[in-house]
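Okay, here's what each chain looks like letter by letter:
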Amino acid sequence: MDVTGLSLTTITLFLPMVGLAILLFMNGETQKANLKWVAFATSVVTFVASVLMWINFDPSSAGLQMVQRNTWAEVSLGESVINISYFVGVDGISMLLVLLTTFIMPISILGSFGSHIFEERGREKLYYIFLMLLEWSMIGVFVVHDLIIFYVFWEITLVPMYFLIGIWGSEERIYAAVKFFLYTMAGSILMLIAILYVGNRSGTFSTYSAGGDIGVIERVQAWEGEGTYWDAVGPEGEQEGFLLNSVESWLFLGFLVAFAIKVPIFPFHSWLPDAHVQAPTAGSVILAGVLLKMGTYGIVRFNLNLFPEATVAWAPTIAFLGVVGIIYGAWVSYAQDNVKKLVAYSSVSHLGFVVVGIFALNAQGLQGATLQMVNHGISTGGLFLIVGMLYERWHTKEMADYGGVWKVMPLFGAISLVISLSSMGLPGLNGFIGEFTILLGSLGSEYLGFAFTLFATLGVIMAAVYLLKMFQHVFMGELKRPLSSEEGYQLTWSEKAAFIPIIIMIFWMGIQPIVFFNMLDVSVDSIVALFVR
Amino acid sequence: MFESPTIAEFLAQSNLASTLPATLLLAWTLILVLVDLFAGEDRAHWTPVMAGVGLGISFVANLFVYSPAESEQIALYGMFIADAFTGFLNMVILVATLIAVLMSWDYLNRADIHRGEYYILALISSAGAMFMVAANDLIVIFVALELLSIPLYILAAFRSIRNDGSELSLKSEESGMKYFILGAFSSAFLVFGAALVYGATGTTNLPQIFSLVGGIVGGTSAAAFYLLIGAALLVVGLGFKVAVVPFHMWTPDVYEGAPTPVTAFMSVTAKVGGFAALLRVLVSGLSALVLVEGGAAAWQTTATIIAILTLVLGNFVAISQRNLKRMLAYSSIAHAGYIMVAVAAAGTANAIDAATQSALVYMMAYMFTNLGAFAVVMAIEREDGSGGNIDDITGLAKSRPLMAMAMAVFMLSLTGIPLTAGFVGKFMIFASALQAGLFGLAVIGVLTSVVSAFYYVRVVVNMYLREGAVDLQPALETPYVRWAINIALAGTIIFGVFYPLATNLVGMVSIA
């Protein structure tokens, strides 16, 4: 059965495509000055639509909201016919990440307003078209609840990002773009096999139940009642513990590898520094701000919900990799001379926290992890904007070349300090809330031990070390390379405008996190219910 | 012996109407021979135009004869079968031929090798492929295969000599010769296989073979042995035609040497015909060849091994190719491997329909995408056949943005990225492999897709990410090549975005 009628989710999802269509019919040469405005206006309208969704969102109700479901195609497999459906809707977690996406997009477009890359590389029209395509596919990933359509959106995000890095990136851009493409595709294509198996076994590709049709999650719970689980040969419950070579375990890994590469979880992170360093500023901001969250979101949405048994079995291992990521990322980050690489590796460290939080498998852990996804998007997105603006002025990414920037750019220095402090988790700012809740969750987790919390906490201290090192080298001391003109020290209006929403969010989420926790409460509880022993 | 029927009886019993798409095309081609003969130099363009009209007539006839909902019709005393399978593949073949004809006019004139016979040979070959997808009898498969192949041998060597008599390309001559010798060789395997199957069962008719196989395998006679050998030889013979490993050696040389439109044409039609016959023989004829009670067909293991070898070799060797035509040749070997995955899946009884349908969708997706890619390669190729290297495509996005965009879409489709036809095909193939329980094969299939991404993406890298200039032939400005690319692009995107279109078209296909 279908739940038809145009939902607000659909409207938000397809608004970027409207912008893309307009851009497509514009002349890239004669209307060059208007291109960025069309893209910016589209992203702002999309943001407004997502805020409307937020206003309509009822945080107290469980399940998906603003749902739309239409049958799209039928796949016949043997005697059974499986529907693929256009199935969108949001719960608290999706809602928050959609808001993050639509929030980051206008900022990153503003960030590329005054950019010099177009003077060198041109093709502005294509650039904004790819940004619109990227926004569409990213929102799609967060709102779609049909596995096949999810896979479609998931893979589509690769294409615009590949071109963004490859055409408008720095010197090593081709290497980075190809590595990014191949690495992430290798991970996600195994997920396709797992998805097909899930559909074949459960008779549906919809994860949630809607309009009378039973989704995969509900089926998994029914199997649990029968004691059969994924293997269909059951009763697994009577076996001695969970088998690591069972079907469920392989399916879990099939999904996990795709997500782990995207996050990236140590040791799948090697594409990230290359992609981040080479990408243009907007690309880095979106990559850090949103794309990485697709991985952690996927783990929460699919791995935890569809394979609860395997999740429990694998939780300590993956949380361990998360902790390794925290320490390793921080350590490598400290060793960098390249400021953009430093921020890139800090992502590995910060995302490690999210992974630990997820696999604590309790309410605090998951809420903290989801909040930390948003926090990291905002503060690391902000850090990449800072790096981008520094590069626009000094054309170097080496920390040794900087110094004393605060003296000539006091406002910029203050903003950078706030964002750095937010990234290292200073109490009162947003980063603290996420990390603290995650640590609380890991401490109270039935599945993780005290050691996880201990080593993860080390990461918080190390974050302070490498971020303060960066701040000291770049902003303190004597100005090493004065610019030729004083005007260079001024922030343009678009640069200032890009920072305002970031600063507001940093303080808002730090001071009043309850607003965001409320959104997550019910959604997270329904997942955690799977893991209560 | 049977009595020969009178003509009236023949017409009444043979159900000729259902063969119309193929026979009309053949008859039209024969008229075309005369037209071309008398048209003269200044009306040389009549032949391609009329060839296009003939393809259109056949397409319309095909729409009338085959409605997907209708059950199968048998014609020509059981030798010819008209079902949804035939109707769908007829459309694929006709569209492929049309695109190839559009590509050819320009190319032939540019290289000064334009002769009307070219189109006639292409149409005969295409009619042969149409007979092949409808063949319900080993003899018809053989005859249709020859009808398909012999014109291709000549076409492959079409670039050897210019119209003014001067030598143009030794490679083309080599290509035709090589293709002919290996083609003849493979036909021998096919005939020998057919003979052994006939020896074992006493018939060449596929449904009759099917009904007899169960009893032969269950019994103790030597016939089961002949049947197995015969089936193996049939796979070898058809394996040559579709170029699966280890019967692929001829492909790169032949594809590189042949005129580009011919390469494009034969990389699609010969494969479609070959795989159709392979599916008919193995599924309609020999799916009861089950040696273990309740197990899969005996040829499934063979098909699986061939599929794995083809996927691995095709994709890995394509990486090291610098010439685009050779790269596409190896990539076409790899794509034969994906279709072979579907053939292997058809060995499991409950996956037969899903596997057949997925093979059909894949062939259609491959047809649009591959022809489009070849059309772009042809457009950048220089008169003397050079300029088809991967470096020659550098900077195409600046000089020809639309063409580069189309090529990028084709490359993404060949990789299997969503929203392109290639993804739909791969998705269905892997789904059917899982349905058949061939997990390992499906995993190898997706992993080799990642390998293929490496060399397809390199083309995109060169077009978009590197700076450079392509000096294009002015002849390219004719609209025909652009039309060929546009049709291929439209097919790739429409069938990729509107997924249900493809599944509805093949929804009724069942050849078991």
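Residues numbered from 1 in each chain as written. Chains lettered and ligands numbered in written order. Predicted model: local features only at pLDDT ≥ 70, side-chain atom pairs only at ≥ 80, totals over all residues. Heavy atoms only, no water.

## Here's the deal with the overall build of chain A
The criterion, for reference: Numbering goes from the N terminus for both helices and strands, where a helix is a DSSP run of H or I of at least four residues and a strand is a run of E of at least two. Both definitions apply: the radius of gyration is a C-alpha atom measure, and the globule rule equals 2.2 Å times residues to the power 0.38. Burial here depends on accessible area, computed with a 1.4 Å probe over protein chains only, as a share of the maximum for the residue type. Under 20% is buried, over 50% is exposed, and the range in between is partly exposed. Per-residue accessibility takes into account occlusion by the displayed protein chains alone, with areas from the Shrake-Rupley method and a 1.4 Å probe. Only four residue types enter the charge count, namely Lys and Arg as positive and Asp and Glu as negative; His and the chain termini do not. Taken as the charge location is NZ of Lys, CZ of Arg, CG of Asp or CD of Glu.
Scanning chain A for helices and strands turns up 21 helices and two strands. Relative to the 2.2 N^0.38 estimate, which gives 24 Å for 533 residues, the radius of gyration of chain A is 23 Å and therefore close to what a compact globule would have. The C-alpha extent of chain A, read off along each of the three principal axes, is 75 × 55 × 40 Å. Here chain A holds 533 residues, and the buried ones make up 64% of them. Accessible area of chain A: about 17,700 Å², with a carbon and sulfur share of 64%. Both charge centroids of chain A, one from 23 positive and one from 37 negative side chains, sit 12 Å from each other.

## Topic: the overall build of chain B
Looking only at helices and strands, chain B features 20 helices and two strands. For 512 residues, the compact-globule formula gives about 24 Å, and the C-alpha radius of gyration of chain B, at 22 Å, lands near that figure. Over its C-alpha atoms, taken along the principal directions, chain B stretches across nearly 70 × 55 × 40 Å. Here chain B holds 512 residues, and the buried ones make up 63% of them. Accessible surface computed for chain B: about 17,600 Å², of which carbon and sulfur atoms make up 69%. Here chain B holds 20 positive side-chain charges and 29 negative ones, and the gap between their average locations is 11 Å.

## Here we look at the side chain of S18 of chain B
Residues and elements named next belong to chain B. Worth spelling out the cut-off: Here, residues are in contact when the closest pair of their heavy atoms is within 4.5 Å.
Among the secondary structure elements, S18 is positioned in the loop between α1 (7-14) and α2 (20-39). Note on S18: relative accessible area 1%, which makes it buried. Ignoring any residue separated from it by four or fewer positions in sequence, one finds S18 in contact with V65, Y66, Q73, A75, F80 and A82.

## What to know about the interface of chain B and chain A
Threshold: Using a 1.4 Å probe, buried area is obtained as the accessible area two parts lose upon being combined, added over both of them. Think of a salt bridge as a Lys or Arg side-chain nitrogen and an Asp or Glu carboxyl oxygen that are within 4 Å of each other. Polar contacts, as used here, are pairs of N or O atoms within 3.5 Å; protein pairs need one atom able to donate a hydrogen and one able to accept it. Residues neighboring in sequence count only if both atoms are side-chain atoms.
Across the contact, 38 residues belong to chain B and 37 residues belong to chain A. Of the roughly 3,300 Å² buried where chain B meets chain A, counting both sides, 80% is carbon and sulfur surface. Counting every contact that joins chain B to chain A gives zero salt bridges. Where chain B meets chain A, there are two residue pairs in polar contact (both at pLDDT 80 or more). Taken together, the elements giving at least two residues each to the side of chain B that touches chain A come down to α14 (352-380), α15 (396-399), α16 (401-415), α17 (421-435), α18 (439-465) and α20 (499-506) of chain B.

## Let's talk about the environment of L24 of chain B
Residues and elements named next belong to chain B. Structurally, the position occupied by L24 is in helix α2. A relative accessible area of 33% places L24 in the partly exposed class. Separated by 172 residues in sequence, L24 and L196 have C-alpha atoms that sit 34 Å apart. Setting aside residues up to four positions removed in sequence, L24 forms contacts with I57 and A61.

## Here's the deal with empty space enclosed by the protein
Residue and element names in this part refer to chain B. Quick reminder of the rule: Here the term cavity refers to a set of points on a 1 Å grid, laid over the protein atoms alone, in which a 1.4 Å probe fits but cannot get out; the term pocket refers to an open set having protein on both sides within 12 Å along at least five of seven lines, with lining residues being those that place an atom within 4 Å of a point. Grid points are joined across faces, edges and corners, and a volume is the space filled by probe spheres set on the points. Any residue outside Ala, Val, Leu, Ile, Met, Phe, Trp, Tyr, Cys, Pro, Asp, Glu, Lys and Arg is labelled polar, Gly included; the first ten of those are nonpolar and the last four are charged.
With the rule as written, the count across this model stands at eight cavities of 30 Å³ or more. Each pocket or cavity is described by its volume, and for the largest cavity that value is around 70 Å³. Those elements that place two or more of their residues in the lining of the largest cavity are α14, α16 and α17. Here the lining of the largest cavity is composed, by residue class, of five nonpolar, six polar and one charged.

## Notes on the packing of helix α8 (residues 173-202) of chain A against helix α9 (residues 216-226) of chain A
Residues and elements named next belong to chain A. What counts, and what does not: An axis is simply a line fitted to the C-alpha atoms; with a helix, the fit covers only the stretch in contact. Between two such axes, the angle follows the N-to-C directions and lies from 0 to 180 degrees. Reported orientations rely on four angle classes, namely roughly parallel under 35 degrees, roughly antiparallel over 145, roughly perpendicular from 65 to 115, and oblique for the rest. The hand of a helix crossing depends on one turn: near helix anticlockwise from the far one by less than a right angle means left-handed, and clockwise means right-handed.
Here α8 crosses α9 at 60°, and the two axes come no closer than 11 Å. The orientation of α8 with respect to α9, classified from their angle, is oblique. Classified by chirality, the crossing of α9 by α8 is left-handed. Seen from α8, the contacting residues are V198, R201 and S202; seen from α9, they are V216, R219 and W223.

## What about the packing of aromatic side chains?
Two aromatic rings, taken as a pair, are described by how far apart their centres are and by the angle between their planes. Cut-off, in case you're wondering: Pairing of aromatic side chains here covers Phe, Tyr and the six-membered ring of Trp, requires ring centres within 6.5 Å, and sorts the geometry by plane angle: under 30 degrees stacked, over 60 edge-to-face, intermediate tilted. Look at NZ for Lys and CZ for Arg. If either is within 6 Å of the ring centre and within 35 degrees of the ring normal, a charge sits over the ring.
Tallied over the entire structure, the rule returns 56 aromatic pairs over all chains. Their ring planes at 80° and their centres at 5.2 Å tell us that W154 of chain A and F259 of chain A sit as a pair that is edge-to-face. A residue pair is termed long-range when its members are at least 10 positions apart, and W154 of chain A in helix α6 (residues 147-156) and F259 of chain A in helix α10 (residues 247-262) qualify at 105 residues. F259 of chain A gets classed as buried once you look at its relative accessible area, which sits at 0%. Here the aromatic cluster, defined as three or more aromatic residues joined through ring pairs, consists of F150, W154, F255, F259, F302 and F307 of chain A. Taking NZ or CZ as reference, R69 of chain A lies 5.5 Å from the ring centre of F87 of chain A, over its face. Across the ring face of F158 of chain B, the terminal group of R115 of chain B is positioned such that the distance to the ring centre comes to 5.1 Å.

## Points about the nonpolar core
Heads up, the condition is: Remark: nonpolar core denotes a set of buried residues (Ala, Val, Leu, Ile, Met, Phe, Trp, Tyr, Cys) joined through side-chain atoms within 4.5 Å.
Among the nonpolar cores identified, the biggest contains 401 residues, and F255 and F359 of chain A are the most heavily contacted of them. With 21 residues, α14 of chain B is the single largest residue contributor to this core. Residue contacts for F359 of chain A: discarding those within four places in its chain leaves F252, L256, I299, L304, T311, A315, I318, A319, Y447 and L448 of chain A.

## Some words on the layout of surface pockets
When its volume is computed, the largest pocket comes out at roughly 1,400 Å³. In terms of lining, the largest pocket is formed by 36 residues, of which the most central are L24, L126, I129 and F130 of chain A together with M405 of chain B. In terms of residue class, the lining of the largest pocket is made up of 26 nonpolar, four polar and six charged.

## Quick notes on the pattern of salt bridges
A full pass over the atoms with the stated rule returns 12 salt bridges over all chains. Across the salt bridge formed by E495 of chain A and R393 of chain A, the nearest N and O atoms sit 2.8 Å from each other. Pair noted here: E495 of chain A is in helix α20 (residues 493-511) and R393 of chain A is in helix α15 (residues 363-394), with a separation of 102 residues, a long-range link. The residue D253 of chain B makes a salt bridge to R326 of chain B at a minimum N-O spacing of 3.2 Å. Taken as a pair, D253 of chain B in helix α10 (residues 251-257) and R326 of chain B in helix α13 (residues 324-345) lie far apart in primary sequence, 73 residues in all. One salt-bridge network, held together by shared partners, links K171, E174, K178, D253, E256 and R326 of chain B.

## So, the packing of α6 of chain A against α10 of chain A
The packing of two helices is summarised by the inter-axis angle and the distance between the axes. Residues and elements named next belong to chain A. Viewed as axis vectors pointing N to C, α6 and α10 meet at an angle of 30°, and their least axial separation amounts to 14 Å. As judged from the angle between their axes, α6 and α10 are roughly parallel. Here α6 and α10 pass one another in a crossing that is left-handed. Across from L147, F150 and W154 in α6, the residues of α10 making contact are F255, A258, F259 and K262. Of the residues in the contact of α6 with α10, the class split is six nonpolar, no polar and one charged.

## Notes on the environment of A194 of chain B
Residue and element names in this part refer to chain B. Note on placement: A194 falls in helix α7 (residues 170-201). A relative accessible area of 15% places A194 in the buried class. Spatially, the C-alpha atoms of A194 and I511 are 20 Å apart, while their sequence positions differ by 317 residues. The residues contacting A194, other than those within four sequence positions of it, are L138 and L234.

So yeah, pure geometry; function would need other evidence.
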